[in-house]
Amino acid sequence: MDIPAPKIHMPAWLQAIVASAGGLGLFLIAFLDSSVLTFPVINDLLLIDLSVRYPARMPYYAAMATLGSVGGCLLLYYIARKGGEAMFQKHAGPRAQSIQAWIRRNGFVSILVTALLPPPTPFKVFVIAAGALEMPVRMFVLGLLAARGFRYFGEGFLAVKYGDQASGFLLTHKLEVAGIALGVVVGIYLLSRFAFRARPVQ
């Protein structure tokens, strides 16, 4: 049985921007969603919708969504870096100490994991923590690029392959899909670390 494609609920002004701007509109929504506003799942659904309608442009749409998300997270990162730990404590609440300890031990993996998991994962709290705790920018950006790139290009691939059913499938099985994506990305990360450690010193 076909899964009906869900309707996209978003402000009229954003709908107009995306309809006219395509990839640039996707970039803007990803940027806003990752920084000062919140549009849960909307960016994913728009990416799928555009990829279904224009399959040849899917890599462009996925790249714009990825770059917009990374750019928005960087803005939030630098705001948190300037605001310091007080800003992090305000947003994290009672979870502050556990998140702080996890970030200090597993900075790269924490960004990688939370950037892949679907809402309601408190992803922005981890971004704020990364800025407040001054995680190296390079590590922060690499983790985001790996996770968001895998997520958006994966969604684009499913959209091209399965059409309108892709969005319904992703919403119905978002935890399973996120778990598979997470396993693949973390596996690649662990293999790369093992390879670098195993490489003999010249």
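Residues numbered from 1 in each chain as written. Predicted model: local features only at pLDDT ≥ 70, side-chain atom pairs only at ≥ 80, totals over all residues. Heavy atoms only, no water.

## Some points on the packing of helix α2 (residues 23-34) against helix α4 (residues 58-83)
No. 1: Two elements in contact, α2 and α4, have axes separated by 7 Å at closest approach and are oriented at 30°. Relative to α4, α2 is oriented roughly parallel. Every pair of crossing elements has a handedness; the one defined by α2 and α4 is right-handed. Within the contact between the two elements, α2 uses G23, L24, L26, F27, A30, F31 and S34 and α4 uses Y60, Y61, M64, A65, L67, G68, S69, G71, G72, C73, L75 and L76. (Axes fitted to C-alpha atoms, helices over the stretch in contact; angles between N-to-C directions. Helix = DSSP H or I, 4+ residues; strand = E, 2+ residues; numbered from the N terminus. Parallel < 35°, antiparallel > 145°, perpendicular 65-115°, else oblique. Left-handed = near helix turned anticlockwise from the far one by under 90°. Contact = heavy atoms within 4.5 Å.)

## Structural notes on the side chain of N43
No. 1: Among the secondary structure elements, N43 is positioned in helix α3 (residues 42-53).
No. 2: Only 3.2 Å separates the side chain of N43 from the side chain of Y152, close enough to count as a polar contact.
No. 3: Not counting residues within four places of it along the chain, the set of residues in contact with N43 comprises L26, I29, A30, A65 and Y152. (Polar contact = N/O pair within 3.5 Å; in protein donor to acceptor, adjacent residues only side chain to side chain.)

## Some points on the pattern of salt bridges
No. 1: Taken as a whole and judged by the stated rule, the model has three salt bridges.
No. 2: D44 is the salt-bridge partner of R151, the closest N and O atoms lying 2.9 Å from each other. A residue pair is termed long-range when its members are at least 10 positions apart, and R151 in helix α9 (residues 137-162) and D44 in helix α3 qualify at 107 residues. Comparing R151 with D44, the two get one shared label, buried.
No. 3: The shortest N-O distance in the salt bridge between R53 and D49 comes to 3.0 Å. Taken as a pair, R53 and D49 lie in helix α3 at a separation of four residues, close to a single helical turn.
No. 4: A relative accessible area of 48% places R53 in the partly exposed class.
No. 5: You can call D49 partly exposed: its relative accessible area is 29%.
No. 6: Through salt bridges with shared partners, one network takes in D44, R151 and E155. (Salt bridge = Lys/Arg side-chain N within 4 Å of Asp/Glu carboxyl O. Buried < 20%, exposed > 50% of the residue type's maximum accessible area, 1.4 Å probe, protein only.)

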